[in-house]
Amino acid sequence: MAYNLKGRNFLTLKDFTKEEINFLLKLSLKLKEDKYAGIRSKNLEGKNIALIFEKPSTRTRAAFVVASVEEGAHPEYLGKNDIQLGKKETVKDTARVLGRMFDGIEFRGFKHETVEILGEYAGVPVWNGLTDKYHPTQVLADFLTVLEERGYLEGIKFAYVGDGRNNMANSLMIGAAKLGMDFRIVSPKELFPEDKLIKESLEYAKDSGGKITITADIDEGVKGADVIYTDVWASMGEEDKIPERIKLLKPYQITTTMLDKTGNGKVIFLHCLPSFHNHETEVAKKYPDICEVEEAVFEGKHSRVFDEAENRVHTIKAVMVATLGK
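Participant: Teacher, can you tell me more about the sheet that holds strand β5 (residues 157-161) here?
Facilitator: Strand pairing in a sheet is mediated by backbone hydrogen bonds. Such pairs are either parallel or antiparallel. Spatial ordering of the open sheet is given by β7-β6-β5-β8-β9, a layout of 5 strands whose pairing is parallel. Taken across any chain shown, the strands that pair with only one partner, and hence form the sheet edges, are β7 (211-215) and β9 (268-271). Sheet twist, expressed as the mean angle between neighbouring strand axes with direction ignored, is 20°. Here 5 bridges tie strand β6 (residues 182-186) to β7, and the two strands are oriented parallel to one another.

Structure, rendered in structure tokens:
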């Protein structure tokens, strides 16, 4: 069944039903198939898209640009030094200006409140490319990857291992709860998600038949898992916390031993990227113990991280087409 999402913002998966999320995933699959078949529907032809980036990005920027161009739109990158957002001009005023000039607005930055204000005042669809609380476009790409691998999502045993209170853990928990997955956050107690969000997710899971487990016990958390997922241990802007996070999270590093503990030979490994999986980056050279995943896992047979990265394009395209397309 198709769902009319025209004019809707895409700020958090809290705002979407199970059926609407599944619709976006099915649309993503169709648009991906069309791309590989050489079909260009130009669903966004004549549209102008503002891409506001307070935080730099590889996948989010590239995916929004490619998705826009392939569907016939013009994307305009607006970095933190290109506009006056929050400096000389309020977010509310910026929203009303850009909403008069652009047909859709993507925001990637720090405070979730910023994207909420953009969404309230722009008068055009606003899409969350990442905030301190949520990263919903990434979650769609994650779920699309699992769907392609397994053919279903309901009942999937999905273990997020690592920093359990960051935007990825938050967003995955919401989405998994809405879709009826058996979702686990495996994290030290100091990094458990906020109680309020856990309660909300438990309510979503009650409606969908899903399950939510929050545990510090690695063996309990990964047992039987179909998916092991992690993220870097310190998000952008948290560099001062790296030594503390390494001490807390070193036991939660994704290793081949951890994959074996699932007891599932078909378990897949996912990561939103970028990843410290070796010591070739500046940060990893400075902090040798920062690697949240072993190189053998990242480059191994269970890894689907680059399928997942590609799927950012197809899921972002689906969000824009569903909320703005012809």
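Participant: Would you mind showing me how to read the layout of surface pockets here?
Facilitator: Gaps between atoms show up when a probe of the same size as a water molecule is rolled over them. Here the largest pocket is characterised by a volume of approximately 940 Å³. Lining the largest pocket are 42 residues, and of these K55, L130, N167, S235 and M236 lie nearest its centre. Put simply, the parts of the chain that give the lining of the largest pocket at least two residues each are α2 (59-70), α6 (167-178) and α7 (195-208). Its residues assigned to classes, the lining of the largest pocket shows 17 nonpolar, 11 polar and 14 charged.

Participant: Honestly, the pattern of salt bridges in this entry has me stumped. Any pointers?
Facilitator: Pairs can form between side chains of opposite charge whenever their charged atoms are close. Considering all chains together, one arrives at 19 salt bridges under this definition. For K35, the salt bridge is made with E70, and the minimal N-O distance between the two is 2.9 Å. Of this pair, K35 sits in helix α1 (residues 18-36) while E70 sits in helix α2, and the two are 35 residues apart along the sequence. In this structure K35 comes out as partly exposed when scored by relative accessible area, which is 24%. When its relative accessible area of 14% is taken as the criterion, E70 is described as buried. It is possible to trace a salt-bridge network through shared partners that takes in D163, R165, E238 and R245.

Participant: Explain the environment of F23 here, please?
Facilitator: Structurally, F23 can be placed in helix α1. F23 sits in the buried class, given a relative accessible area of 14%. Among all residues touching F23, those that are not within four sequence positions of it are M1, A2, Y3, L5 and A322.

Participant: How should I be thinking about the packing of helix α5 (residues 136-150) against helix α13 (residues 305-324) in this particular structure?
Facilitator: Each pair of packed helices can be summarised by the angle the axes make with each other and by the distance between the axes. Two numbers describe how α5 lies on α13: the axes approach to 8 Å, and their chain directions differ by 115°. For the pair α5 and α13, the sense of crossing is right-handed. Of α13, the residues touching α5 (which contributes T137, Q138, L140, A141, D142, L144, T145 and E148) are D307, E308, N311, R312, H314, T315, I316 and V319. Class assignment of the residues belonging to the contact of α5 with α13 gives a composition of 5 nonpolar, 6 polar and 5 charged.

Participant: Would you take a moment to explain the sheet that holds strand β1 (residues 48-53) for this structure?
Facilitator: Pairing within the open sheet is parallel, and its 4 strands lie in the order β2-β1-β3-β4. On the outer flanks of this sheet lie β2 (74-79) and β4 (126-130), each paired with one strand and no other. Direction aside, the axes of adjacent strands within the sheet are offset by 20° on average. Across 5 bridges, β1 lies against strand β3 (residues 104-108) in parallel orientation. Within β3, the residue paired with I52 across the bridge is F107. In the packing of helix α4 (residues 112-121) onto the sheet, contacts are made with β1, β3 and β4, and the angle to β4 comes to roughly 165°.

Participant: When you look at the packing of α6 against α7 in this model, what are you seeing that I'm missing?
Facilitator: Close contact between α6 and α7 brings their axes to 7 Å; oriented N to C, the two are set at 20°. Judged by the angle between their axes, α6 and α7 are roughly parallel. Residues N170, M173, I174, A177 and K178 of α6 pack against L197, I198, S201, Y204, A205 and S208 of α7. For the contact of α6 with α7, the class distribution of residues is 7 nonpolar, 3 polar and 1 charged.

Participant: Even after reading the chapter, I still don't get the confidence of the model for the protein chain, so can you show me in this structure?
Facilitator: Atomic detail in the predicted coordinates should be set aside for any region of low pLDDT. Here the protein chain averages 97 in pLDDT, and 100% of its residues register 70 or above. Helix α11 (residues 282-286) is the least confidently modelled element of the protein chain, averaging 93 in pLDDT, while strand β8 (residues 227-230) averages 99, the highest of any element.

Participant: Whenever I open this one, empty space enclosed by the protein confuses me. Can you help?
Facilitator: Applying the stated criterion across every chain, the model contains 1 cavity of 30 Å³ or more. In this structure, the largest cavity encloses a volume near 50 Å³. The element contributing the most residues to the lining of the largest cavity is α1, with 3 residues.

Participant: What exactly am I supposed to notice about the pairing of β4 here?
Facilitator: The buried fraction of β4 amounts to 5 of the 5 residues, a majority that puts the element mostly inside the structure. In terms of strand pairing, β3 meets β4 through 4 bridges, oriented parallel. Note that in β4 the partner of F107 across the bridge is N128. The parallel pair β3 and β4 is bridged by α4, and the resulting crossover is right-handed.

Basis of the calculations
- Residues numbered from 1 in each chain as written.
- Predicted model: local features only at pLDDT ≥ 70, side-chain atom pairs only at ≥ 80, totals over all residues.
- Heavy atoms only, no water.
- Pairing = 2+ DSSP bridges.
- Helix = DSSP H or I, 4+ residues; strand = E, 2+ residues; numbered from the N terminus.
- Axes fitted to C-alpha atoms, helices over the stretch in contact; angles between N-to-C directions.
- 1 Å grid on protein atoms, 1.4 Å probe; cavity = no way out; pocket = protein on both sides within 12 Å on 5 of 7 lines; lining within 4 Å.
- Points joined across faces, edges and corners; volume = space filled by probe spheres on them.
- Nonpolar A, V, L, I, M, F, W, Y, C, P; charged D, E, K, R; others polar.
- Salt bridge = Lys/Arg side-chain N within 4 Å of Asp/Glu carboxyl O.
- Buried < 20%, exposed > 50% of the residue type's maximum accessible area, 1.4 Å probe, protein only.
- Contact = heavy atoms within 4.5 Å.
- Left-handed = near helix turned anticlockwise from the far one by under 90°.
- Parallel < 35°, antiparallel > 145°, perpendicular 65-115°, else oblique.
- pLDDT = per-residue confidence, 0-100.
- Right-handed = clockwise from strand over helix to strand, strands pointing away.

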